[in-house]
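Here are the chains, one letter per residue:
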Amino acid sequence: MKMVIAVVQDKDSGRLSQALVKKGFRATKLASTGSFLRAGNTTFLVGTDDGRVTELITIIEQNCQSRKQMVTPVSPLGSGVDSFLSYPLEVQVGGAAVFVMDVEHFHSF
């Protein structure tokens, strides 16, 4: 058994959730926040059999798009104003960060 953790942008969360249900995957969704942009994310926790991991990753890939976005960085805490540049930057957002881990034991009560 595997535990797949997928951190996706909130814009992709609803679409991914529907696709997972349609293909018979059950997931736990957690609200999360990225540290760089301090933007909303959704973290999906999905337990699945080893043989379905590739299918699961394909579903995530098909439903979580990366995109470019202009952002004005937030000043880091404790830094001086003189050392921080606040002009807009184009950054890549979205997509998904996916972690696949072995599950040693699973219990359902």
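Predicted, not measured: the structure shown is a model, and the values here were computed from it.

Chemist: Honestly, the overall build of the protein in this entry has me stumped. Any pointers?
Modeler: Scanning the protein from terminus to terminus reveals 2 helices and 6 strands. Walking the protein from its N terminus toward its C terminus, one meets helices and strands in the order β-α-β-β-α-β-β-β. When each of the 109 residues of the protein is scored for burial, the buried share is 27%. Expressed as a percentage of contacts within the protein between residues at least 6 apart in sequence, the contacts between residues at least 24 apart total 71%. For the protein, the computed accessible surface area is about 7600 Å², with 54% contributed by carbon and sulfur atoms.

Chemist: What's the story with the sheet that holds strand S1 (residues 2-9) in this structure? I'm lost.
Modeler: Strand pairing within a sheet occurs via backbone hydrogen bonds; the two strands may be parallel or antiparallel. Pairing is antiparallel in the open sheet, where 4 strands are placed in the order S2-S3-S1-S6. Strand pairing shows two members of the sheet lacking a second neighbour, strand S2 (27-33) and strand S6 (96-102), which therefore form its edges. Here the strands of the sheet are splayed against their neighbours by 20 degrees on average, with no regard to which way each runs. Relative to S6, S1 runs antiparallel, the two being bridged by 7 bridges. Along S6, the bridge assignment pairs valine 8 with alanine 96. Contacting S1, S2 and strand S3 (40-48), helix H1 (residues 10-22) runs over the sheet at an angle of about 25 degrees to S3.

Chemist: Just to check I follow, could you spell out the packing of aromatic side chains for this structure?
Modeler: What characterises a pair of aromatic rings is the spacing of the ring centres plus the angle enclosed by the ring planes. Within the structure shown, the criterion is met by 0 aromatic pairs. If you follow arginine 52 out to its NZ or CZ, it ends over the ring of phenylalanine 25, 3.9 Å from the centre.

Chemist: Which parts of the structure should I look at to understand the pattern of salt bridges?
Modeler: If charged atoms from side chains of opposite charge come close, those side chains can pair. Overall, the coordinates contain 3 salt bridges when judged by the stated rule. A salt bridge links lysine 2 to aspartate 102, with the shortest nitrogen-to-oxygen separation between them at 2.2 Å. Separated by 100 residues along the polypeptide, lysine 2 in strand S1 and aspartate 102 in strand S6 bring together distant segments of the chain. With a closest N to O distance of 3.0 Å, glutamate 55 and arginine 52 form a salt bridge.

Chemist: Whenever I open this one, a nonpolar patch on the surface confuses me. Can you help?
Modeler: Residues Ile57, Val98 and Val100 make up a contiguous nonpolar surface patch of about 190 Å² in total accessible area. Tracing the chain through its elements places valine 98 in strand S6.

Chemist: Any chance you could explain the side chain of asparagine 63 here in plain terms?
Modeler: With respect to the helices, strands and loops of the structure, asparagine 63 is situated in helix H2 (residues 53-63). Relative accessible area serves as the criterion here: at 11%, asparagine 63 is assigned to the buried category. Those residues in contact with asparagine 63, other than ones at most four positions away along the chain, are Asp12, Arg15, Leu16 and Ala19.

Chemist: Hey, could you run me through the packing of H1 against H2 in this one?
Modeler: The packing of two helices is summarised by the inter-axis angle and the distance between the axes. Running from N to C, H1 and H2 cross one another at 145 degrees; their axes reach a closest spacing of 9 Å. In terms of crossing hand, the pair formed by H1 and H2 is right-handed. Residues Asp12, Arg15, Leu16, Ala19 and Leu20 of H1 lie in contact with H2, whose contacting residues are Leu56, Ile59, Ile60 and Asn63. Residue classes in the contact of H1 with H2 are distributed as 6 nonpolar, 1 polar and 2 charged.

Calculation criteria
- Residues numbered from 1 in each chain as written.
- Predicted model: local features only at pLDDT ≥ 70, side-chain atom pairs only at ≥ 80, totals over all residues.
- Heavy atoms only, no water.
- Helix = DSSP H or I, 4+ residues; strand = E, 2+ residues; numbered from the N terminus.
- Buried < 20%, exposed > 50% of the residue type's maximum accessible area, 1.4 Å probe, protein only.
- Contact = heavy atoms within 4.5 Å.
- Areas by Shrake-Rupley, 256 points an atom, 1.4 Å probe, with all protein chains shown as cover.
- Pairing = 2+ DSSP bridges.
- Axes fitted to C-alpha atoms, helices over the stretch in contact; angles between N-to-C directions.
- Phe/Tyr/Trp six-rings, centres within 6.5 Å; stacked < 30°, edge-to-face > 60°.
- Lys NZ or Arg CZ within 6 Å of the ring centre and 35° of its normal.
- Salt bridge = Lys/Arg side-chain N within 4 Å of Asp/Glu carboxyl O.
- Patch = residues over 30% accessible without salt bridge, like charges linked within 9 Å, V, L, I, M, F, W, Y side chains within 5 Å.
- Left-handed = near helix turned anticlockwise from the far one by under 90°.
- Nonpolar A, V, L, I, M, F, W, Y, C, P; charged D, E, K, R; others polar.

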